[in-house]
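# Breakdown of the fold
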Amino acid sequence: MATDIKDTVHAVDAASVMRLLPARPRVLALGEPTHGDNELLDLRNELFRQLVEQEGYRTIGLESDCLMGLVVDDYVTSGTGTLDEVMERGISHEWGAFSGNRELVRWMRAYNEGRPAAERLRFAGLDGPLEISHAASPRQALTALHGYLAARVGADLLPCDAETLDRLLGADDRWADPATMMDPSQSVGRSAEAGELRLLADDLVALLDAETPRLLATSTPDEWDRARLYARAAIGLLRYHYWMADSSPGRMPRLLGLRSSMIAANILAVAERGPALVYTHNSHLQRDKSTMRMGGVPFEWWSSGAIADAHLGEGYAFLAMALGTIRHHGVDTPPADTLEGLLYALPEERYVVDVRRLAGALGDAPPAPRVSPWFGYASLDPAHLPGYDGMVFVKDVSRG
């Protein structure tokens, strides 16, 4: 007997999600189809609370600057700073202004109050130190990595001193110039100084690896984790700036792939701490390749989720999210023959979808792709369904 589509949906809660999976994953990846909607952020927050209380999850990672995220982690673990300061300085892309993100950080701090370190919740930024228009200077990552090593190994092992790094880095605004995104000639990423910094960064990371026994013995776990984060960020940023200066047709797909790799590396680092919820755009977390058209030219690259899945296997699970309407942005009732249209016809306002049973209900005729009239909402590609472990569907989003 064919499965009825209404029998494929369940309440949006941790128990329903876990029933879809063969075992508790180290990384539960929840995608979002649009950025900045507080209704979706509230749903994420409630699911994270349940995962913490029922399944032992202790970390959440967001699509935000990994270095800025240390400010949030310090606040939620030890109360450093104020909530206002942390939301302004700790979450990139100006997403600290969203009430859903503020409530998440406030709740995490309240949860951690009085708990031993092993039971505290942790926050991680997953993105590189990047914005749409530019990339940050590698100064913070390089100098922090150098300082960590200089405090623990002999000066004769270091490839340079701090003054040399400072001289080669120069003014930070040269690196973060927004003009470089559209004009590669404005980038300093292939200057002689940048080339020397790439070699020094490689030597610093090699030293971090070679001195692992000594460094583990003279560091707290957090100090060691942060040193590796600084290493990833320094190498990633210098690579990114190098390709920012490129003028070949491969420039944009290379930059997109580098960002994807940085996010994946941060996801894998989060997975080492134990079970974590990560929350970024569907396109970053999917197991399929990501695609984009720019100026009529198609690009494709491996998504962060595909990379993380290749490393983690069953330790990685992906829930895609889809929406029915976002009427304040012109996204109206989805056509009935689309995946979102079929789900929209069900009476519930939001639910978790068992995609394996859904595939049985759909039969051999795949739904038509939905075309979103608003660039800010990315509808799901029905061809990607086999790569989902589940879906979350929200019928109507009524507020930003």
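Residues numbered from 1 in each chain as written. Predicted model: local features only at pLDDT ≥ 70, side-chain atom pairs only at ≥ 80, totals over all residues. Heavy atoms only, no water.

In the nomenclature of an unreviewed UniProt entry, the chain corresponds to Erythromycin esterase family protein from the organism Microbispora maris.

### Quick notes on the overall build of the chain
Scanning the chain from terminus to terminus reveals 16 helices and 10 strands. Computed over its C-alpha atoms, the radius of gyration of the chain comes to 22 Å, within 12% of the 21 Å expected for a compact globule of 400 residues. Along the longest, intermediate and shortest principal axes, the C-alpha atoms of the chain span 75 × 55 × 35 Å. The buried share of the chain, reckoned over its 400 residues, is 54%. In the chain, of all internal contacts separated by at least 6 residues, the share reaching a separation of at least 24 is 78%. (Helix = DSSP H or I, 4+ residues; strand = E, 2+ residues; numbered from the N terminus. Rg over C-alpha atoms; globule rule 2.2 N^0.38 Å. Buried < 20%, exposed > 50% of the residue type's maximum accessible area, 1.4 Å probe, protein only. Contact = heavy atoms within 4.5 Å.)

### Some details on helix H6 (residues 139-150)
Note: α-helices contain 3.6 residues per turn, so residues at a spacing of three or four share the same orientation. Counted at 1.5 Å a residue, the expected span for H6 with its 12 residues is 16 Å, and the 16 Å between its end C-alpha atoms agrees. Among the residues of H6, those classed as buried are Arg139, Ala141, Leu142, Leu145, His146, Tyr148 and Leu149. Contacts from the buried residues of H6 go to helix H7 (162-169), helix H8 (172-175), helix H9 (192-210), helix H10 (212-217) and helix H11 (221-244). (Expected span 1.5 Å × (residues − 1).)

### Brief notes about the packing of helix H2 (residues 38-55) against helix H5 (residues 99-112)
The geometry of H2 relative to H5 is characterised by a closest axis approach of 8 Å and an angle of 20° between their N-to-C directions. Taken together, the axis directions place H2 and H5 in an arrangement best described as roughly parallel. Once H2 is placed against H5, the crossing between them reads as right-handed. Mapping the contact onto sequence places Asn38, Leu41, Asp42, Arg44, Asn45, Phe48, Arg49, Val52 and Glu53 in H2 and Ser99, Gly100, Asn101, Glu103, Leu104, Trp107, Met108 and Tyr111 in H5. Taken together, the residues that form the contact of H2 with H5 break down as 7 nonpolar, 5 polar and 5 charged. (Axes fitted to C-alpha atoms, helices over the stretch in contact; angles between N-to-C directions. Parallel < 35°, antiparallel > 145°, perpendicular 65-115°, else oblique. Left-handed = near helix turned anticlockwise from the far one by under 90°. Nonpolar A, V, L, I, M, F, W, Y, C, P; charged D, E, K, R; others polar.)

### Concerning the side chain of arginine 109
With respect to the secondary-structure elements, arginine 109 resides in helix H5. Residue classification places arginine 109 among the buried residues on the basis of a relative accessible area of 15%. Within the structure, the side chain of arginine 109 is placed 3.2 Å from the backbone oxygen of valine 76, a separation counted as a polar contact. Side-chain polar atoms of arginine 109 contact the side chain of glutamate 113, separated by 2.8 Å. Other than its neighbours up to four places away in sequence, arginine 109 contacts Tyr75, Val76, Thr77, Ser78 and Gly79. (Polar contact = N/O pair within 3.5 Å; in protein donor to acceptor, adjacent residues only side chain to side chain.)

### Examining the packing of aromatic side chains
Summed over the entire model, instances satisfying the criterion amount to 6 aromatic pairs. Summarising the aromatic geometry, the rings of tryptophan 107 and tyrosine 111 are spaced 5.4 Å apart at their centres and angled 45° between planes, so their arrangement reads as tilted. Highlighted residues: tryptophan 107 and tyrosine 111, both in helix H5, separated by 4 residues, approximately one helical turn. Take tryptophan 107 and tyrosine 111: they sit in the same class, and that class is buried. Counting every residue linked through ring pairs, the aromatic cluster contains Phe48, Trp107 and Tyr111. (Phe/Tyr/Trp six-rings, centres within 6.5 Å; stacked < 30°, edge-to-face > 60°.)

### Thoughts on the packing of H6 against H9
Packing of H6 against H9 leaves a shortest axis separation of 11 Å and a crossing angle of 40°. Taken as axis vectors, H6 and H9 run oblique relative to one another. Seen from above, H6 lies across H9 with left-handed handedness. Contact residues: Leu142, Leu145, His146, Tyr148 and Leu149 in H6; Leu197, Ala201, Leu204, Val205, Leu207 and Leu208 in H9. A per-class count over the contact of H6 with H9 returns 10 nonpolar, 1 polar and no charged.

### Things to note about the pattern of salt bridges
One pass over the structure, following the stated rule, counts 25 salt bridges. Residue glutamate 103 pairs with arginine 106 through a salt bridge whose shortest N-O separation is 2.8 Å. Placement of both glutamate 103 and arginine 106 in helix H5 is noted, with a separation of 3 residues, approximately one turn of the helix. Here arginine 115 ties to glutamate 119 by a salt bridge, and the two come within 4.0 Å at their closest N and O atoms. Residues participating in the shared-partner salt-bridge network are Asp73, Asp74, Arg122, Asp222 and Arg226. (Salt bridge = Lys/Arg side-chain N within 4 Å of Asp/Glu carboxyl O.)

### Looking at the nonpolar core
Core analysis: the largest hydrophobic core is formed by 79 residues, its most contacted members being Leu28, Phe48, Val105, Met108, Leu343 and Met391. Top element by residues in this core is strand E8 (residues 316-325). It accounts for 8 residues. Ignoring anything within four residues of it in the chain, the contact list for valine 105 reads Val72, Tyr75, Val76, Leu83, Val86, Met87 and Ile91. (Core = buried A, V, L, I, M, F, W, Y, C linked by side-chain atoms within 4.5 Å.)

### Some points on the environment of alanine 155
Take alanine 155: it is sitting in the loop between H6 and H7. Linking alanine 155 and glycine 114, residues 41 residues apart in sequence, is a C-alpha distance of 40 Å.

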